[in-house]
Amino acid sequence: MKNQSVKNNLDWISVFIYIALVTLGWLNIYSSSLLSTEGTYQKQLIFIGCTIPLIFVVLFVDGKFYEKYASIIFGVSLLSLAGLFVFGKTIAGQRCWYAIGSFTLQPSEFAKAATSLALAKYLSDTQINLKDVNRQVQALAIVFLPVLLILPQPDPGSALIYSIFIIVLYREGLPSWYVWTGFITILLFVLTLVLEPYVVILIALGVLMIIHFKGRVVDRNIILSGLILVGISAFVLSVDYVFDNVFKQHHRDRFNILLGKTVDMKGIGYNTNQSEIAIGSGGWVGKGFLEGTQTKGGFVPEQHTDYIFTTVGEEWGFAGSFVVIALFVGLFLRVIYLAERQKTKFSRVYGYCVAAILFTHFFVNIAMVIGIFPTIGVPLPFFSYGGSGLWGFTILLFIFLKMDANKVNEW
């Protein structure tokens, strides 16, 4: 069994979807940057070429290596993030890259795989029970350590991705109130930006009364409900202060545009507006490859990076967009299926992390370009231009495919 090759056991369905996404991504980068003088699509082709030896290295390494040295890999990743504050290069106000000549590398893209390995390693310990508060704190520390290093860069988009690890922890036994608390916090924050604080507090009071007053019988947890209402009120009353004094102006502008409180088609809302125009102009079957007027006119800034999906929508229309989305969904479902059939908890948890990270990037990016999520700079996996992103996602996926191929040796 141990002599069976990776070639025979590799999940080729996932590999073929990966190849399809990378190929389609390059075609769209080619189209969106054809008139550029920066050689964007040529550089992306070089990045894609570099993934071939990278994949071979990932698959060549023994599957147990990733489990055995997960903590060391995570530690090196944290050091690489911390090193940016001293040796990093600042681009567009963000200190997120190491520069070697004209080549730049973004360590946060690789930290996602390292964090996934560390979390899988921690949770695979037979002594771990996420009902224990100490274990919850330790697991959450693994998730939020890289966030604390990424946020000050500042890179809120990359930091946001780490919130999805909560779902993985929930799958492995984290109490559900963590998930509900996160969801309710976000909901209250948005509602307070739209409505007056006292209205939000009254809504919260009404919901709590519905929950705890049943048939004129007062629930014994009425005191707890009172404390919850006090906490909600304090949070709601602090939202305006946080929004006005903690958020930066461009963050406030993006939220105001998203919530319809501000109309700014020529300023901060320009990207989203042009993106919606480009996608909408594609119709059912698109204008045709290399025929996008919005794309060729350069109306959508950053179209080869965060807004690459606008090229799909304009040139390939609804039909092409559906195919691309179907490929992504197929990959997510395939990874989840493979995770469910793993023989070790380490491999299973890592598989969930892979699916969660890829899905979050996909969801946030698509939501961003169609105007239902603020612009925060989250790339579309395997599609958006950039070597660090492509290599980071490739390593993330193929480490798991290596684990899956190695499961025949697990007992």
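See above for the structure.
The present account deals with the structure reproduced in this document. Bear in mind the structure is a predicted one, so any value in this text is a computation, not a measurement.

The rules we used
Residues numbered from 1 in each chain as written. Predicted model: local features only at pLDDT ≥ 70, side-chain atom pairs only at ≥ 80, totals over all residues. Heavy atoms only, no water. Helix = DSSP H or I, 4+ residues; strand = E, 2+ residues; numbered from the N terminus. Buried < 20%, exposed > 50% of the residue type's maximum accessible area, 1.4 Å probe, protein only. Areas by Shrake-Rupley, 256 points an atom, 1.4 Å probe, with all protein chains shown as cover. Core = buried A, V, L, I, M, F, W, Y, C linked by side-chain atoms within 4.5 Å. Contact = heavy atoms within 4.5 Å. Patch = residues over 30% accessible without salt bridge, like charges linked within 9 Å, V, L, I, M, F, W, Y side chains within 5 Å. Salt bridge = Lys/Arg side-chain N within 4 Å of Asp/Glu carboxyl O. Axes fitted to C-alpha atoms, helices over the stretch in contact; angles between N-to-C directions. Parallel < 35°, antiparallel > 145°, perpendicular 65-115°, else oblique. Left-handed = near helix turned anticlockwise from the far one by under 90°. Nonpolar A, V, L, I, M, F, W, Y, C, P; charged D, E, K, R; others polar. Pairing = 2+ DSSP bridges. Expected span 1.5 Å × (residues − 1). Bend = angle between axes of the 7 residues up to and from the residue.

### Side note on the overall build of the protein
Thinking step 1. When you go through the protein residue by residue, the secondary structure sums to 19 helices and five strands.
Thinking step 2. Sorting the 411 residues of the protein into buried and exposed places 47% on the buried side.
Thinking step 3. Total accessible area computed for the protein in this model is approximately 20,400 Å², and 68% of it derives from carbon and sulfur atoms.

### Thoughts on the nonpolar core
Thinking step 1. L169, F328, Y350, F382, F383, L397 and F398 are the most contacted members of the largest nonpolar core, which totals 92 residues.
Thinking step 2. Counting residues per element, this core draws most heavily on helix α18 (residues 345–369), at 15 residues.
Thinking step 3. Setting aside anything within four residues of it in sequence, one finds Y350 in contact with A113, S116, L117, A120, I395, L396, I399, F400 and M403.
Thinking step 4. Formed by eight residues, the second largest nonpolar core is a distinct cluster that contains L188, I201, I232 and V236.

### Describing a nonpolar patch on the surface
Thinking step 1. A surface patch of nonpolar side chains, amounting to about 390 Å² of accessible area, comprises V194, L195, I203, V207 and I211.
Thinking step 2. Here the nonpolar patch takes three residues from helix α12 (residues 197–212), the largest share from any one element.
Thinking step 3. Examined against the element boundaries, V194 turns out to sit in helix α11 (residues 176–194).
Thinking step 4. For V194, a relative accessible area of 51% gives the class exposed.

### A look at the pattern of salt bridges
Thinking step 1. A complete count under the given rule lists nine salt bridges for this structure.
Thinking step 2. Across the pair D11 and R334 runs a salt bridge whose closest N-O atoms are separated by 2.5 Å. Taken together, the residues D11 in the loop between α1 (6–9) and α2 (12–33) and R334 in helix α17 (residues 309–340) connect sequence positions 323 residues apart.
Thinking step 3. You can call D11 buried: its relative accessible area is 5%.
Thinking step 4. What you see here is one network of salt bridges that share partners, running through R171, E172, E340, K345 and R348.

### Some remarks on the packing of α2 against helix α3 (residues 40–60)
Thinking step 1. Contact geometry for α2 and α3: axes closest at 8 Å, N-to-C directions at 165 degrees. Classified by the angle between their axes, α2 and α3 sit roughly antiparallel to one another. When the axes of α2 and α3 are compared, the crossing they make is right-handed. Between α2, through Y18, V22, W26, I29, Y30 and S33, and α3, the contact on the second element is made entirely by T40, Y41, Q44, L45, I48, T51 and I55.
Thinking step 2. When the residues that make up the contact of α2 with α3 are grouped by side-chain class, the tally is nine nonpolar, four polar and no charged.

### Structural notes on the packing of helix α7 (residues 108–123) against α18
Thinking step 1. Relative orientation of the contacting elements α7 and α18 amounts to 145 degrees, with a least axis distance of 8 Å. Note that α7 runs across α18; the crossing there is right-handed. Listed contacts from α18 to K112, A113, S116, L117, L119, A120, K121 and L123 of α7 are K345, F346, V349, Y350, C353, I357 and H361.
Thinking step 2. Taken together, the residues of the contact of α7 with α18 sort by class into ten nonpolar, two polar and three charged.

### Some points on the sheet that holds strand β1 (residues 89–91)
Thinking step 1. Within the open sheet, the three strands sit side by side as β1-β2-β3. Their pairing is antiparallel. What marks the edges here is a single partner per strand, and that holds for β1 and β3 (103–105). On average, adjacent strands in this sheet sit at an angle of 55 degrees to one another, irrespective of strand direction.
Thinking step 2. Note that β1 and strand β2 (residues 94–100) share three bridges and pair antiparallel.

### Section: helix α13 (residues 222–245)
Thinking step 1. The end-to-end C-alpha distance of α13, which contains 24 residues, comes to 35 Å, matching closely the 34 Å that a straight helix rising 1.5 Å per residue would cover.
Thinking step 2. Residue S238 marks the point of greatest curvature in α13, where the axis turns by about 35 degrees.
Thinking step 3. Those residues of α13 not exposed but buried are S225, L229, I232, S233, V236, V239 and F243.

### Side note on the environment of V354
Thinking step 1. Position of V354 relative to the elements: it lies in helix α18.
Thinking step 2. The class for V354 is buried, based on a relative accessible area of 0%.
Thinking step 3. C-alpha separation for the pair V354 and A339, spaced 15 residues apart in sequence, amounts to 9.4 Å.
Thinking step 4. In contact with V354, other than residues within four places in its own chain, are V335, L396, L397 and F400.

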